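# Residue-level structure breakdown
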Amino acid sequence: MHNHSDDSNEVDAERRYNRVLSTIYHQTSPMQRPGVTPEKIYLSLVAHGSYDRAGVKASLQAALDNDDAIAYEDEDGQLRFALLTEDSVNRLVAEYPEVAAHETIREFRGDT
């Protein structure tokens, strides 16, 4: 017997994951800082959206695990997320040269 709720949960998780990536993208446009705080992501998707905090947190972790995003601390020690795209990484390293040594950034740029 086929369980439709499992498919629905997978589709919902995939949709939420894509919304997390989209939110990071939109919150890190060239006119903004190269990284977005988790609070802004939660504000957009939980407070002003239809997702729960635990689900968004799981999608953020999945984005890190899948090498779609990177987490780093800015000069104030604030956790921020950025996408692992050429544009995003170049902007991130230009603003925060110290993140160039981050293992994920080095792997992404082929500096290993």
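Residues numbered from 1 in each chain as written. Predicted model: local features only at pLDDT ≥ 70, side-chain atom pairs only at ≥ 80, totals over all residues. Heavy atoms only, no water.

## Remarks on the nonpolar core
Judged by nonpolar contacts, the single largest core of 15 residues is most densely connected at Val20, Ile24, Ile41, Leu45, Val56, Leu60 and Phe81. Put simply, the parts of the chain that give this core at least two residues each are helix H1 (4-27), helix H2 (38-47), helix H3 (53-65) and strand S2 (79-83). Looking at this core element by element, the count peaks at 4 residues for H1. In this structure, phenylalanine 81 is in contact with Ile24, Thr28, Pro34, Gly35, Val36, Pro38, Ile41, Leu60, Leu64, Ile70 and Ala71, ignoring residues within four places of it in sequence. Among the nonpolar cores identified, the runner-up in size contains 10 residues, and Tyr72, Val89, Val99 and Ile105 belong to it. (Core = buried A, V, L, I, M, F, W, Y, C linked by side-chain atoms within 4.5 Å. Buried < 20%, exposed > 50% of the residue type's maximum accessible area, 1.4 Å probe, protein only. Helix = DSSP H or I, 4+ residues; strand = E, 2+ residues; numbered from the N terminus. Contact = heavy atoms within 4.5 Å.)

## Comments concerning the layout of surface pockets
Over the atoms a probe the size of a water molecule is rolled, and this reveals where empty space is left. Estimates place the volume of the largest pocket at around 210 Å³. Along its surface, the largest pocket is lined by Tyr25, Thr28, Ser29, Pro30, Leu83, Thr85, Asp87, Ser88 and Arg91. Looking at the lining of the largest pocket element by element, the count peaks at 3 residues for helix H4 (residues 86-95). In terms of residue class, the lining of the largest pocket is built from 3 nonpolar, 4 polar and 2 charged. (1 Å grid on protein atoms, 1.4 Å probe; cavity = no way out; pocket = protein on both sides within 12 Å on 5 of 7 lines; lining within 4 Å. Points joined across faces, edges and corners; volume = space filled by probe spheres on them. Nonpolar A, V, L, I, M, F, W, Y, C, P; charged D, E, K, R; others polar.)

## Quick word on the packing of H2 against H3
H3 packs onto H2 with a crossing angle of 130 degrees between their chain directions and a minimal axis gap of 10 Å. As judged from the angle between their axes, H2 and H3 are oblique. Here H2 and H3 pass one another in a crossing that is right-handed. For the pair formed by H2 and H3, the contact residues are Ile41, Tyr42, Leu45 and Val46 on the first element and Arg53, Val56, Lys57 and Leu60 on the second. Split by residue class, the contact of H2 with H3 holds 6 nonpolar, no polar and 2 charged. (Axes fitted to C-alpha atoms, helices over the stretch in contact; angles between N-to-C directions. Parallel < 35°, antiparallel > 145°, perpendicular 65-115°, else oblique. Left-handed = near helix turned anticlockwise from the far one by under 90°.)

## Digging into the pairing of strand S1 (residues 69-73)
Sheet analysis places S1 next to S2, joined by 5 bridges and oriented antiparallel. Paired with alanine 71 across the two strands is phenylalanine 81, which belongs to S2. The hairpin turn running from S1 into S2, its antiparallel successor, is 5 residues long, and glycine 77 in that turn takes a positive phi close to 80 degrees. (Pairing = 2+ DSSP bridges.)

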